[in-house]
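One-letter residues, chain by chain:
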Amino acid sequence: MQITDTIADLLTRIRNAQSAKHETVDIPASNMKKAICQILVDEGYVKSFTVTEDGKQGVITVTLKYVEGGVPAIKGLKRVSKPGLRIYSNAAELPKVMKGLGTAIISTSKGVMTDREARKMNIGGEVLAFIW
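Conventions we followed
- Residues numbered from 1 in each chain as written.
- Predicted model: local features only at pLDDT ≥ 70, side-chain atom pairs only at ≥ 80, totals over all residues.
- Heavy atoms only, no water.
- Pairing = 2+ DSSP bridges.
- Helix = DSSP H or I, 4+ residues; strand = E, 2+ residues; numbered from the N terminus.
- Axes fitted to C-alpha atoms, helices over the stretch in contact; angles between N-to-C directions.
- Contact = heavy atoms within 4.5 Å.
- Polar contact = N/O pair within 3.5 Å; in protein donor to acceptor, adjacent residues only side chain to side chain.

A.B. asks: It is not clear to me how the pairing of strand 2 (residues 46-52) should be interpreted in this structure. Could you clarify?
C.D. replies: Two faces, one strand: in a regular strand the side chains alternate between the faces of the sheet. Across six bridges, strand 2 lies against strand 3 (residues 59-64) in antiparallel orientation. For phenylalanine 49, the partnering residue across the bridge sits in strand 3 and is valine 62. Joining the antiparallel neighbours strand 2 and strand 3 is a turn of six residues, in which glycine 55 adopts a positive phi near 90°.

See the structure below:
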């Protein structure tokens, strides 16, 4: 099956797994998805992720994080820049998610990073997703 928007697929799989209270979720691997998963781990939204090589593309296994009472650590995920409408932002106009409480994932010329890192480096790029 051909997937047009692989980043939206990643976010949807995580959202669906959390709503179903799964411990882990498997996602087809790519370098962009690995970078996004690393940001999710660094920001504390998921516990960890591992990459398993299967001879083809590989599989990313994301271990989801829940807080007291089984409430998911991720309250919301939103894909911003889509294949049909790309959203770019310069360093001065990078969006703040929930007035700084959330995280925007930005694809820059220096790699995939959070909005805070991009502001610190004074670099803009494509706004991939919002997480809060």
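There's more to say after this.
A.B. asks: What exactly am I supposed to notice about the sheet that holds strand 2 here?
C.D. replies: In any sheet, the strands associate via hydrogen bonds between backbone groups, in a parallel or an antiparallel arrangement. The three strands lie next to each other as 1-3-2, forming an open sheet whose pairing is antiparallel. Strand pairing shows two members of the sheet lacking a second neighbour, strand 1 (24-28) and strand 2, which therefore form its edges. Along the sheet, successive strands turn relative to each other by an average axial angle of 20°, direction set aside. With respect to the sheet, helix 1 (residues 6-19) is in contact with strand 1 and strand 3, its orientation differing from that of strand 1 by roughly 165°. Along the sheet, helix 2 (residues 31-42) makes contact with strand 1, strand 2 and strand 3, crossing strand 2 at roughly 155°.

A.B. asks: Can you walk me through the environment of serine 81 in this structure?
C.D. replies: With respect to the element layout, serine 81 can be found in the loop between strand 6 (77-79) and strand 7 (88-89). Residues serine 81 and leucine 128, 47 residues apart in the sequence, show an inter-C-alpha distance of 5.2 Å. When sequence neighbours within four positions are dropped, the list of residues in contact with serine 81 reads Arg86, Ile87, Glu126, Val127 and Leu128. For serine 81, the side chain forms a polar contact with the main-chain nitrogen of isoleucine 87, separated by 3.0 Å.

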